[in-house]
Amino acid sequence: MAKRDYYEILGVNRDASEEEIKKAYRKLAMKHHPDRNPDNPRAEENFKEAKEAYEILADSQQRAAYDQYGHAGVDPQAGMGGGGAGGFSDAFGGIFDEIFGGARGGRSNIYRGADLRYNLEVTLEQAAFGTETKIRIPTMEVCEACHGSGAKAGTQPKTCPTCQGSGQVRLQQGFFSIQQTCPKCHGTGRFVADPCPPCHGAGRVKQYKTLAVKIPAGVDEGDRIRLSGEGEHGVNGGPSGDLYVQIHLKAHPVFQREKNDLHCEMPISFTTAALGGEIDIPTLDGAAKIRVPAETQTGKAFRLRGKGIKSVRSHGHGDLLCHVVVETPVHLTERQKELLRELEESSQENSAHHNPRAKSWMDRVRDFFAAT
């Protein structure tokens, strides 16, 4: 199984600061520590994965190598196919190449770049109607000081002494001759003896570029938008990976989203609930009116068809559900209190008729105690 992107493991963007990386790691370490999850074997795997990601990204040189070459830059065996899960096939691939003269097309040191992720927060309105925004992401560009060679000005990369410039080393294991990527030069065939100070021998330096991202109407929490070719650069001229912009919705002060439906609470007065009336409610495209019937109870939901979110995969719209909350009056005057007492006294004359839910509840309570 291919390794996950280290930035994705920690849940941070590519331009995250050292402090942000450390904070993300501490959070994951506390969550997945084996001592806190003794009955969860997956927790230990997550803990080790987060630890490995942190150890690479916390080291500036290893992080620079990872930003340029991905996993291959920090783990030649895992990233370049010299061992691990691919070791068996790679070993026999070398044998077949020898026997059949490269009939399988030979080995290649060109690798596609890893896919990257960028977390983007959008408002509910932006998600509902769609928008276009700009994001600023780090990218690796050719170092101007060494023109991409990785060698200090006035010097040149030398032929790798381990593989003699071939990019491959051949190991003899018993009767088998195994060919694998050179661990010293990572398959480039070159070795930088005197690295360029600005890029530390990588040949590229981190810069930032601005990309325009179109957010389609209807996107939801966790949806991903792919920007083809904007991911990690490939190795040795390989194609770049893709950039996935992952959507996160900001909390809204009025609405809560559930798939394509919207929910909101609407407080109404005691008299409106009892006598009925017309009230204004908010929607994403302006105010709307609903008729509240007399004797409306708390929790009653009014559905406005088509006033929710447009589906990102179809032309249909969700609904808006307005949940009524009857508000108890406060800061009453003496006259208002007197009127309420009169109402209470008149209601007691036939409480079962005026308060049917209360009577039904009391009957159930009485039956419960009688049964016990």
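Just above sits the structure.
Residues numbered from 1 in each chain as written. Predicted model: local features only at pLDDT ≥ 70, side-chain atom pairs only at ≥ 80, totals over all residues. Heavy atoms only, no water.

**Considering the side chain of His-32**
(1) Moving on: Along the chain, His-32 turns up in helix α2 (residues 18-32).
(2) Moving on: The residues touching His-32, leaving out its near neighbours within four places in the chain, are Asn-37, Ala-43, Glu-44, Asn-46 and Phe-47. (Helix = DSSP H or I, 4+ residues; strand = E, 2+ residues; numbered from the N terminus. Contact = heavy atoms within 4.5 Å.)

**Quick word on a negative patch on the surface**
(1) Moving on: Judged by side-chain charge, Glu-342, Glu-344, Glu-345 and Glu-349 come together as a negatively charged surface patch.
(2) Moving on: With respect to the helices, strands and loops of the structure, Glu-342 is situated in helix α10 (residues 334-348).
(3) Moving on: Assessed through its relative accessible area of 41%, Glu-342 is described here as partly exposed. (Patch = residues over 30% accessible without salt bridge, like charges linked within 9 Å, V, L, I, M, F, W, Y side chains within 5 Å. Areas by Shrake-Rupley, 256 points an atom, 1.4 Å probe, with all protein chains shown as cover. Salt bridge = Lys/Arg side-chain N within 4 Å of Asp/Glu carboxyl O. Lys, Arg positive; Asp, Glu negative; His and termini not counted. Charge placed at Lys NZ, Arg CZ, Asp CG, Glu CD. Buried < 20%, exposed > 50% of the residue type's maximum accessible area, 1.4 Å probe, protein only.)

**As for the sheet that holds strand β10 (residues 256-258)**
(1) Moving on: Strand order in the open sheet formed by four strands is β10-β11-β15-β14, with mixed pairing between adjacent strands. Since the sheet does not close on itself, it has two edges, and those belong to β10 and β14 (301-304), each with one partner. Adjacent strand axes in the sheet meet at a mean angle of 30°, parallel and antiparallel pairs treated alike.
(2) Moving on: Looking at chain direction, β10 and strand β11 (residues 261-269) are connected through three bridges and run antiparallel. The residue of β11 that forms the bridge with Arg-257 is Leu-262. (Pairing = 2+ DSSP bridges. Axes fitted to C-alpha atoms, helices over the stretch in contact; angles between N-to-C directions.)

**Describing the pairing of β11**
(1) Moving on: Following β10, the chain reverses through two residues before pairing antiparallel with β11; Lys-259 in that reversal takes a positive phi of roughly 60°.
(2) Moving on: Of the strand pairs in this sheet, β11 and strand β15 (residues 320-327) are connected by eight bridges, and their pairing is parallel. Looking at the pairing, Met-266 lines up with Val-324 of β15.

**A short note on the pattern of salt bridges**
(1) Moving on: Under the counting rule described, the total for this entry stands at 14 salt bridges.
(2) Moving on: With a closest N to O distance of 3.6 Å, Arg-257 and Asp-220 form a salt bridge. Taken together, the positions of Arg-257 in strand β10 and Asp-220 in the loop between β7 (204-215) and β8 (224-227) put the pair 37 residues apart, joining distant regions of the chain.
(3) Moving on: In this structure Asp-220 comes out as partly exposed when scored by relative accessible area, which is 21%.
(4) Moving on: Each of the salt bridges in this network shares a partner with another, and the network as a whole consists of Arg-303, Arg-305 and Asp-319.

**Overview of the environment of Glu-278**
(1) Moving on: Relative to the elements of secondary structure, Glu-278 occurs in strand β12 (residues 277-283).
(2) Moving on: By relative accessible area, which is 52% here, Glu-278 ends up exposed.
(3) Moving on: With 14 residues separating them in the primary sequence, Glu-278 and Val-292 have C-alpha atoms 5.8 Å apart.
(4) Moving on: Filtering out sequence-adjacent residues up to four positions away, Glu-278 remains in contact with Lys-289, Ile-290 and Arg-291.

**Considering the packing of helix α3 (residues 41-57) against helix α4 (residues 60-69)**
(1) Moving on: One way to put it is that α3 packs onto α4 with a least axis distance of 6 Å and a crossing angle of 105°. It follows that α3 is roughly perpendicular to α4 by the angle criterion. Of the residues in α4, those in contact with Glu-55, Ile-56 and Leu-57 of α3 are Gln-62, Arg-63 and Tyr-66.
(2) Moving on: Considered class by class, the residues forming the contact of α3 with α4 number three nonpolar, one polar and two charged. (Parallel < 35°, antiparallel > 145°, perpendicular 65-115°, else oblique. Nonpolar A, V, L, I, M, F, W, Y, C, P; charged D, E, K, R; others polar.)

**As for α2**
(1) Moving on: For α2, which comprises 15 residues, the first-to-last C-alpha distance of 21 Å matches the rise-based estimate of 21 Å (1.5 Å per residue) to within 8%.
(2) Moving on: Among the residues of α2, those classed as buried are Ile-21, Ala-24, Tyr-25, Leu-28, Ala-29 and His-32. Projected onto a plane normal to the axis of α2, the buried residues spread over an arc of 135° and lie on a single side. In α2, the exposed positions that point more than 90 degrees away from the buried face belong to Glu-19, Lys-23, Arg-26, Lys-27, Met-30 and Lys-31.
(3) Moving on: In this structure, the buried side of α2 is in contact with α1 (6-10), α3 and α4. (Expected span 1.5 Å × (residues − 1). Arc of directions from axis to C-beta.)

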